[in-house]
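# Summary of structural features
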Amino acid sequence: MARHKTHYEDCDVLVVGGGMAGTGATFEARHWGRDMKIICVEKANIDRSGAVAQGLYAINCYMGMQWGENQPEDHVRYARNDLMGMVREDLGYDMARHVDSTVHMFDEWGLPMMKNEETGRYLREGKWQIMIHGESYKPIVAEAAKKSADKIYNRIMITHLLMDEAQENRVGGAVGFNMRTGDFHVFRAKAVIVAAGGASHIFKPRAVGEGMGRTWYAPWSNGSAYALPIAAGAKMTQMENRIVLCRFKDGYGPVGAYFLHLKTYTQNANGENYEKKWYDQTKELVGEYIDHHPTPTCLRNHAFIQETMAGGGPIHMVTTEAFQDPHLETVGWENFLGMTVGQAVVWASQNIDPKYTNPELTTSEPYVMGSHATCSGAWVSGPEDLSPPEYFWGYNRMLTIDGLFGAGDTVGGSAHKFSSGSFTEGRLAAKAAVKYIEDKKAEGLKVTDKQCEEFKAKVYKPLETYTVAQNEITGGTVSPSYISPIQGLQRLQRIMDEYVGGIATNYMTNANMLKRGLELLAWLEEDLENVGAEDYHQLMRAWELKHRALTSQCVTEHTMFREETRWPGYYYRGDHMKLDDDNWHCLTVSRRDPSTGKFSMEKVPVYHIVDENEKKKAS
Ligand SMILES: Cc1cc2nc3c(=O)[nH]c(=O)nc-3n(C[C@H](O)[C@H](O)[C@H](O)COP(=O)(O)OP(=O)(O)OC[C@H]3O[C@@H](n4cnc5c(N)ncnc54)[C@H](O)[C@@H]3O)c2cc1C
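Below or above, wherever it landed, is the structure these notes cover. These numbers come from a predicted model, not from an experiment.

The rules behind the values
Residues numbered from 1 in each chain as written. Predicted model: local features only at pLDDT ≥ 70, side-chain atom pairs only at ≥ 80, totals over all residues. Heavy atoms only, no water. Helix = DSSP H or I, 4+ residues; strand = E, 2+ residues; numbered from the N terminus. Buried < 20%, exposed > 50% of the residue type's maximum accessible area, 1.4 Å probe, protein only. Contact = heavy atoms within 4.5 Å. Pairing = 2+ DSSP bridges. Axes fitted to C-alpha atoms, helices over the stretch in contact; angles between N-to-C directions. Arc of directions from axis to C-beta. Near = heavy atom within 4 Å. Polar contact = N/O pair within 3.5 Å; in protein donor to acceptor, adjacent residues only side chain to side chain. Areas by Shrake-Rupley, 256 points an atom, 1.4 Å probe, with all protein chains shown as cover. Nonpolar A, V, L, I, M, F, W, Y, C, P; charged D, E, K, R; others polar. Salt bridge = Lys/Arg side-chain N within 4 Å of Asp/Glu carboxyl O. Expected span 1.5 Å × (residues − 1). Core = buried A, V, L, I, M, F, W, Y, C linked by side-chain atoms within 4.5 Å. Patch = residues over 30% accessible without salt bridge, like charges linked within 9 Å, V, L, I, M, F, W, Y side chains within 5 Å. Parallel < 35°, antiparallel > 145°, perpendicular 65-115°, else oblique. Left-handed = near helix turned anticlockwise from the far one by under 90°.

### What to know about the overall build of the protein chain
Helices and strands together make up the secondary structure of the protein chain, namely 17 helices and 19 strands. Reported as C-alpha extents along the three principal axes, the dimensions of the protein chain are approximately 65 × 60 × 50 Å. When burial is assessed residue by residue, the protein chain has 60% of its 619 residues classed as buried. For the protein chain, restricting intrachain contacts to residue pairs at least 6 apart in sequence, the fraction spanning at least 24 positions comes to 75%.

What follows is the structure, encoded as structure tokens:
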């Protein structure tokens, strides 16, 4: 262990993850905390890290309040509708009322925004989306963070949160290791903002073998945003609300610009509009939710999945009409070039020219995240002026551990934030974190060397395991004494896929399958004590796997708890196939006891703040 040098850094605000939320948090922490020491730690390099690494073609969350296009209330209604009623409206409203100011800063910082030539306004792709030339989106926001932080640490993976030993349930910082040097890093901090992105690769992906890395969600998003707080005993919410995406087959190219701007549409193999075929069946399951406008994303997936199971596939996107217009053809291709180059390559390799051939669509494996059309994540306090008492405990976006804040994919209950909303939520969390410190809530922190040394031993254990166990390799990578990260990952993905509602079962699960899944996950957890890593890169893989496995346990516990099918098209509880508003119009909240590893679950009321307030005003 001595061969791994330990570096200590004491700071005020520590930001874990330098993606969209993390760069927003770092930037805003400096605005409010002029004299504070602000550190951002990133697993990759913040210039090209996170889900926006490759760029984006649209900012998916912009109200346009200056032109009266939308108001925050409208966005709350939209997100509530899309998530079948289950959102934290206080968080959504709070993000929506601030998001335009974030986008205006991006514009000032040089992000090329497309403009509507007639109105001079940002060019709308849809009601909420505005179009950008966004290949350099991430380097631009990273620059703001770099200019704001005292120091950005790249290539350090945070593995554990440090807890204060002077006061119970208070965070004290975080530890991790540098994947290039192998050094151990201790960050003692008065406030920690976790902004470490969502979780892909917990369910078996459709692309396996040579194509394994190809998933819709960023393959490097490994659930640290969830595992770090879960391990420390923070409460989580809506972790059952995984997301399944309908995307272009094999390349997972985005469909938003196609539907909204190019006005393309889908059809089954016989050229029929299959969605309306499934209307009555869906109404049986979810009642009036199927009549909502726009149709909730999960219900559109549901029709896709049913049609495919009934033999109507493949499902195609009809591009051949729109692509006859040279302008729309250009937009269609550019959409990929700024965001998902791989899709263009897949089409080229499969002889698909969308001008003449309608490309196939598919539904993805499930992902866990808190910022897209889903809202898994940490249970956080809302803002003082909006939140009902059950949703407020002192500081905006603070988790149920004092001094620990979250933003972006980390935060549950607030869907449809996307890139701009995640950056905005980072700003909100940072403002509150600075206030927390100014209010002297972090006084007297105690983080002993003993705690740090114990974590250090844990962090490097996979290297030690491999060093010894490699001598027992019987052939290839097979050894009775260790498993490699890839072996563990594949086992995790099969458990989640086959028992927790992945593609193997067409997203179907039930209590018996979940119970078995939990047993298998518990055994995997035991075996992960013997994960081996031959170098620092594999050490990162080992810790990514451990974070994925803990996230998966939480997802499975939540899926077991909610005895209804709230989001058909995301997953099905075969033993409770219908949506059940009488018993389950509520949020689910879990907590894992760090000392026993056992999860406890509770229901928490979902408050429909926006229209309730309006109803009250009217009466
Ligand atoms: C394929 C795809 C397409 C999308 N399209 C759009 C779009 O068109 N428009 C739009 O507005 N939004 C879009 N989004 C959504 C947007 O990208 C996310 O909402 C946003 O990036 C979430 O921000 P975040 O900071 O929570 O996560 P991220 O931006 O992913 O950042 C997380 C960061 O944490 C780091 N990290 C992870 N674990 C650790 C650890 N243990 N230690 C240290 N660092 C760690 C990661 O390296 C990463 O940099 C898309 C997302 C995806 C995946």
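Let's pick the thread back up.
### Side note on the sheet that holds strand S14 (residues 377–378)
Judged by pairing direction, the sheet is antiparallel, and its four strands sit side by side in the order S14-S9-S18-S19 without closing on themselves. The sheet terminates laterally at S14 and strand S19 (599–605), the two strands that pair on one side only. Direction of pairing for strand S9 (residues 235–237) relative to strand S18 (residues 586–592): antiparallel, over a ladder of three bridges. What sits directly across from Lys235, in S18, is Arg591. Relative to the sheet, helix H15 (residues 536–561) contacts S9, S18 and S19, its axis offset from that of S19 by approximately 55°.

### Considering helix H7 (residues 279–286)
Considered for burial, the residues of H7 that qualify are Thr282, Leu285 and Val286. Buried residues of H7, seen end-on, are gathered within an arc of 75° and therefore sit on one face of the element. Among the exposed residues of H7, those oriented more than 90 degrees off its buried face are Asp280 and Glu284. Buried residues along H7 sit in contact with helix H8 (297–309). Just downstream of H7 lies Gly287, where phi reads positive at about 65°.

### Description of the site of the ligand
Near the ligand you find 33 residues, and of these Glu42, Ala58, Ser371, Asp409 and Ser419 are the closest. At 2.9 Å from an oxygen atom of the ligand is found a main-chain nitrogen or oxygen belonging to Ala51. In the environment of the ligand, an oxygen atom lies 3.5 Å from a nitrogen or oxygen atom belonging to the backbone of Ala195. Burial of the ligand by the protein chains amounts to 96% of its free accessible area of 990 Å². Contributing elements (two or more residues each) for the shell around the ligand: helix H1 (20–32), strand S3 (56–59), strand S6 (156–163) and helix H11 (418–438). Considered class by class, the residues forming the shell around the ligand number 17 nonpolar, 13 polar and three charged.

### Remarks on the side chain of Ser419
Within the secondary structure layout, Ser419 lies in helix H11. A polar atom in the side chain of Ser419 sits 2.9 Å from the side chain of Tyr137.

### Things to note about the environment of Leu111
Looking at where Leu111 falls in the secondary structure, it is placed in the loop between helix H3 (89–108) and strand S4 (130–134). Each C-alpha atom, one on Leu111 and one on Lys138, is 9.6 Å from the other, the two residues being 27 residues apart in sequence. If near-sequence neighbours (up to four positions away) are discounted, Leu111 is found in contact with Ile59, Phe106, Ile132, His133, Gly134, Tyr137 and Ile140.

### Quick notes on the pattern of salt bridges
Scanning the entire structure with this criterion turns up 43 salt bridges. The salt bridge involving Lys147 is made with Glu143; its shortest N-O contact spans 2.7 Å. Of the two residues, Lys147 and Glu143 are both situated in helix H4 (residues 137–148); the distance of four residues between them amounts to about one turn of the helix. Residue Lys147 is classed as exposed on the basis of its relative accessible area of 66%. Its relative accessible area of 39% is what places Glu143 among the partly exposed residues. Lys283 is the salt-bridge partner of Asp291, the closest N and O atoms lying 2.6 Å from each other.

### As for helix H9 (residues 326–337)
Residues separated by three or four positions in an α-helix point in the same direction, a consequence of the helix having 3.6 residues per turn. For H9, spanning 12 residues, the distance from its first C-alpha to its last is 17 Å, which sits close to the expected 16 Å at 1.5 Å a residue. Taken together, the buried positions of H9 are Leu328, Glu329, Val331, Gly332, Asn335 and Phe336. In a view along the axis of H9, the buried residues occupy a sector of 165°, so they form one face of it. Residues of H9 that are exposed and point over 90 degrees away from its buried face: Pro326 and Leu337. For H9, the secondary structure elements touched by its buried residues are S3, S4, strand S10 (246–248), helix H6 (256–260) and helix H10 (341–349). The N-cap residue of H9 is Asp325: its side-chain oxygen and the backbone nitrogen of His327 are 2.8 Å apart.

### Concerning the pairing of S19
Side chains on a regular strand alternate between the two faces of the sheet. With seven bridges joining them, S18 and S19 adopt antiparallel strand pairing. Residue Cys586 lies in a different strand from S19, and its bridge partner there is Pro605. Once S18 ends, the chain turns through six residues before running back antiparallel as S19, passing Gly597 with a positive phi of about 80°.

### Brief notes about unusual backbone geometry
Following His293, the chain continues into Pro294 via a peptide bond in cis, with omega recorded as -5°. Going from Gly313 to Pro314, the amide bond is cis rather than trans, its omega being -5°. With respect to the helices, strands and loops of the structure, Pro314 is situated in the loop between H8 and strand S12 (316–318). Positive phi, normally seen in glycine, also occurs at Tyr252, with a value near 55°.

### Quick word on the nonpolar core
If you look at the biggest cluster of nonpolar residues, it comprises 91 residues, and the most contacted ones within it are Leu14, Leu161, Val192 and Tyr226. Judged by nonpolar contacts, the second largest core, of 28 residues, contains Ala21, Ala25, Ile152 and Ala407.

### What to know about a nonpolar patch on the surface
Residues Leu337, Val341 and Val345 make up a contiguous nonpolar surface patch of about 260 Å² in total accessible area. Residue classification places Val341 among the partly exposed residues on the basis of a relative accessible area of 36%.

### Describing the packing of helix H13 (residues 485–499) against H15
Running from amino to carboxyl end, H13 crosses H15 at an angle of 15°, the nearest separation of the two axes being 9 Å. Looking at the two axes, H13 sits roughly parallel to H15. Considering the relative orientation of H13 and H15, their crossing is left-handed. Each of Pro485, Gly488, Leu489, Leu492 and Met496 in H13 lies in contact with H15, whose residues at this interface are Gln538, Arg541, Ala542, Leu545, Arg548, Ala549, Ser552, Val555 and Thr556.

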